[in-house]
Amino acid sequence: MPAPNRAVLARRDRIVAALRAIVPGEGVIVDDVALRAYESDGISAYKQKPMIVVLPGTTDQVSRVLKYCHANTVKVVPRGGGTSLSGGAMPLEDGVVLGLGKFNRIRKIDFDNRVVVAEPGVTNLGITNAVQHQGFYYAPDPSSQIACTIGGNVAENSGGVHCLKYGMTSNNVLGVEMVLMTGEVIRLGGAHLDSDGYDLLGIMNGSEGLLGVVTEVTVRILRKSATAQALLLGFASNESAGDCVGAIIAAGIIPAGMEMMDRPAIHAVEDFVHAGYPLDVEALLIVELDGPAIEVGELVARVEAISRDCGAIYLRVSNSEQEREIFWAGRKAAFPAVGRITPDYLCMDGTIPRAQLPLVLKRTDELSKKYGLRIANVFHAGDGNLHPLILFDANNGELERAEKLGADILRLCVEVGGVLTGEHGVGVEKRDLMPVMFTEIDLNQQQRLKCAFDPLGLLNPGKVFPQLHRCAELGRLHVTGGRLPHPDIPRF
């Protein structure tokens, strides 16, 4: 990479000086080695060293940083815990990474109204840990919950193993405080259950850092169920396990969680966690049922009967809270477990209608053989949210082949009526696949929404949209019917 010219260095020095005036001490990082810690997020195949990292500790500092960057047309990439699996927090070489790690305090716990007000750098599990002594918990529970932050959960609308019954992040966030690119601080929602006017809070959930920077989150907490039991169900094929998922839902049963793993994932997890998973099955379902003891007992019996009708060859019910937690410990450790058996892997994220699960699993296996790469399947079966883990070795030049296999899996998801992402977001990973799901008119309309919040396109540019139009040009596109009259479309 060529060395920056004098003008670029002089501009960088001016930005550094301005940011240090706003965030004094060690809040601005420019050292080359220290910047490397921010060059990627959880999808480390894509890397880019940022120009500068700034670590504000107050909403006022965030406001002043964004106001300065807006006035001086400096690009900004917000970053939480850096666990994103879509490249959503990947920095820009000419941009500032705005890290929110110092926003790590819980501001208020209100058990009477069943809400917690937390700063965006509080971890997902940290919220549950803060309220569990009173018998409460926060329902969305991504596998990375020990490290991922609630602000990042809002940005990606994260899910988890218990979202089948209790909803995604968007179903459990009641309000946010956020800072616009211009530095203005606004509030959307609050501790109340609903708000008047447009659902701007709904827009922020899953906005991937393109619309504003969240500095406070109000979430709903739930009372822990009186009883919870989990079942391990083993099947001789992925298809029969998929049929069981559909049969359970069709019977009117909504489990608290319903997860599935195939043989490669089962063996990797069992070798890592020793959760007691059967090793002679092709697919394993974990089905958790919760509620009053008498209800749970009845539902467990019904699920046992359904699973036998679907050909289950292994059945085990947890008999204690410790045993239930061991069942889930294996599933939650699936990603690191698979990391022990392969030099590299890509974790895909697509969502399909549940009824299509057997078909998609069959065709995914065919794609695996076509590309000559192994796949370990781990997913939220009840939601139809697939997480195929594509195993490869970048040192052998297999990354490009793995990316093509992943793209074909996501195209398959859309083909059967699903979507490109369930909880990981689009970021840079799925950006160029957006036209598979959306028309040009659809994408332009989404960009108009971004323009309403960020007219200069400075917040997290290069993410989500495969082709970026300037806001003024989008106005012309609206008049001309969707396509600019010239072929060279300027980018932000």
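### Concerning the confidence of the model for the protein
For step 1, the next point in the chain: When the pLDDT values of the protein are averaged, the result is 93; 96% of them are 70 or greater.
For step 2, the next point in the chain: A low-confidence stretch, residues 483–492 (pLDDT under 50), is modelled with 27 contacts involving residues beyond four sequence positions or located in other chains.

### Quick look at the environment of threonine 58
For step 1, the next point in the chain: Considering the arrangement of structural elements, one finds threonine 58 in the loop between strand E2 (52–54) and helix H3 (59–71).
For step 2, the next point in the chain: Overall, the relative accessible area of 35% leaves threonine 58 in the partly exposed class.
For step 3, the next point in the chain: Polar side-chain contacts of threonine 58 include one of 3.1 Å to the backbone nitrogen of glutamine 61.

### A short note on the layout of surface pockets
Over the atoms rolls a probe the size of a water molecule, and in doing so it shows where empty space is left.
For step 1, the next point in the chain: Of the pockets and cavities examined, the second largest pocket occupies roughly 760 Å³.
For step 2, the next point in the chain: Forming the boundary of the second largest pocket are 29 residues, of which Thr128, Tyr137, His162, Arg324 and Glu325 lie nearest the centre.
For step 3, the next point in the chain: Looking at the lining of the second largest pocket, the elements that each hand over two or more residues are helix H4 (124–131), strand E7 (136–137), strand E12 (227–235), strand E14 (283–291) and helix H11 (321–332).
For step 4, the next point in the chain: At 6 residues, H11 tops the list of elements feeding residues into the lining of the second largest pocket.

### Focus: the nonpolar core
For step 1, the next point in the chain: Residues Ile127, Val173, Val217, Val219, Ile390 and Leu405 are the most contacted members of the largest nonpolar core, which totals 46 residues.
For step 2, the next point in the chain: At 6 residues, helix H14 (residues 399–415) tops the list of elements feeding residues into this core.
For step 3, the next point in the chain: In contact with valine 173, not counting residues within four places along its chain, are Tyr138, Val154, Leu201, Asn205, Val217, Thr218 and Val219.
For step 4, the next point in the chain: Formed by 33 residues, the second largest nonpolar core is a distinct cluster that contains Leu233, Phe235, Ile248 and Met258.

### What to know about the packing of helix H8 (residues 238–250) against helix H10 (residues 293–309)
For step 1, the next point in the chain: Closest axis-to-axis distance for the H8/H10 pair is 9 Å, and the angle between their directions is 140 degrees. In terms of orientation, H8 lies oblique with respect to H10. Here H8 and H10 pass one another in a crossing that is right-handed. Residue-level inspection shows Cys244, Ala247 and Ile248 of H8 in contact with H10, the latter providing Val303, Ile306 and Ser307.
For step 2, the next point in the chain: Taken together, the residues of the contact of H8 with H10 sort by class into 5 nonpolar, 1 polar and no charged.

### As for the state of the cysteines
For step 1, the next point in the chain: Inspection of the entire model under this criterion finds 1 disulfide.
For step 2, the next point in the chain: The residue that forms a disulfide with cysteine 451 is cysteine 471, at a sulfur-sulfur distance of 2.1 Å. Taking the sign of the S-S torsion, -95 degrees for the link of cysteine 451 and cysteine 471, the bridge is left-handed. Of the two residues, cysteine 451 is situated in helix H16 (residues 440–453) and cysteine 471 in helix H17 (residues 471–480); the sequence distance between them amounts to 20 residues.
For step 3, the next point in the chain: Cysteine cysteine 244 remains unbridged, with the sulfur of cysteine 310 as its closest cysteine sulfur at 4.4 Å.
For step 4, the next point in the chain: Assessed through its relative accessible area of 0%, cysteine 244 is described here as buried.

### Some words on the packing of helix H13 (residues 357–371) against H14
For step 1, the next point in the chain: Relative to each other, H13 and H14 sit at 155 degrees, their axes nearing to 10 Å. On the basis of their axis angle, the class for H13 and H14 is roughly antiparallel. Here H13 and H14 pass one another in a crossing that is right-handed. Here Val360, Arg363, Thr364, Leu367, Ser368, Lys370 and Tyr371 of H13 lie close against H14, whose contacting residues are Arg401, Lys404, Leu405, Asp408, Ile409, Leu412 and Glu415.
For step 2, the next point in the chain: Within the contact of H13 with H14, the residues separate by chemical class into 6 nonpolar, 2 polar and 6 charged.

### Quick notes on the pairing of strand E19 (residues 385–392)
For step 1, the next point in the chain: Burial runs high along E19: 8 of the 8 residues are buried.
For step 2, the next point in the chain: Where burial is concerned, the two faces of E19 agree: the one with Asn385, His387, Leu389 and Leu391 and the one with Leu386, Pro388, Ile390 and Phe392 are both buried.
For step 3, the next point in the chain: Note that strand E16 (residues 344–347) and E19 share 4 bridges and pair antiparallel. Along E19, the bridge assignment pairs tyrosine 345 with leucine 391.
For step 4, the next point in the chain: Bridging between strand E17 (residues 350–351) and E19 involves 2 bridges; their strand directions are antiparallel. Bridge assignment links glycine 350 to a residue of E19, and that residue is leucine 386.
For step 5, the next point in the chain: As paired strands, strand E18 (residues 375–380) and E19 are joined by 6 bridges and run antiparallel to one another.

### A closer look at the pattern of salt bridges
For step 1, the next point in the chain: Following the criterion strictly, the structure yields 27 salt bridges and no others.
For step 2, the next point in the chain: With a closest N to O distance of 3.3 Å, aspartate 141 and lysine 332 form a salt bridge. Taken together, the positions of aspartate 141 in the loop between E7 and helix H5 (150–156) and lysine 332 in helix H11 put the pair 191 residues apart, joining distant regions of the chain.
For step 3, the next point in the chain: Given the relative accessible area of 6%, aspartate 141 is considered buried.

### Details of the sheet that holds E2
For step 1, the next point in the chain: Pairing in this open sheet of 4 strands is mixed, and the strands run E1-E2-E4-E3 from one edge to the other. Both outer strands of the open sheet, strand E1 (28–29) and strand E3 (75–79), are each paired with one neighbouring strand and no more.
For step 2, the next point in the chain: Judged from the 2 bridges that link them, E1 and E2 form a sheet pairing that is antiparallel. Bridge pairing links isoleucine 29 to valine 53 in E2.
For step 3, the next point in the chain: Lying on the sheet, helix H1 (residues 6–22) is in contact with E1, E2 and strand E4 (95–99); it crosses E2 at an angle near 10 degrees.

### Here we look at unusual backbone geometry
For step 1, the next point in the chain: The phi dihedral of asparagine 157 is positive, around 50 degrees, even though this residue is not glycine.
For step 2, the next point in the chain: In this structure, asparagine 157 sits in the loop between H5 and helix H6 (163–166).
For step 3, the next point in the chain: With relative accessibility at 17%, the residue asparagine 157 sits in the buried group.
For step 4, the next point in the chain: One non-glycine residue, glutamate 208, lies in the positive phi region at around 60 degrees.
For step 5, the next point in the chain: Structurally, the position occupied by glutamate 208 is in the loop between helix H7 (200–204) and strand E10 (213–220).

Conventions used here
Residues numbered from 1 in each chain as written. Predicted model: local features only at pLDDT ≥ 70, side-chain atom pairs only at ≥ 80, totals over all residues. Heavy atoms only, no water. pLDDT = per-residue confidence, 0-100. Contact = heavy atoms within 4.5 Å. Helix = DSSP H or I, 4+ residues; strand = E, 2+ residues; numbered from the N terminus. Buried < 20%, exposed > 50% of the residue type's maximum accessible area, 1.4 Å probe, protein only. Polar contact = N/O pair within 3.5 Å; in protein donor to acceptor, adjacent residues only side chain to side chain. 1 Å grid on protein atoms, 1.4 Å probe; cavity = no way out; pocket = protein on both sides within 12 Å on 5 of 7 lines; lining within 4 Å. Points joined across faces, edges and corners; volume = space filled by probe spheres on them. Core = buried A, V, L, I, M, F, W, Y, C linked by side-chain atoms within 4.5 Å. Axes fitted to C-alpha atoms, helices over the stretch in contact; angles between N-to-C directions. Parallel < 35°, antiparallel > 145°, perpendicular 65-115°, else oblique. Left-handed = near helix turned anticlockwise from the far one by under 90°. Nonpolar A, V, L, I, M, F, W, Y, C, P; charged D, E, K, R; others polar. Disulfide = S-S within 2.5 Å. Pairing = 2+ DSSP bridges. Salt bridge = Lys/Arg side-chain N within 4 Å of Asp/Glu carboxyl O.

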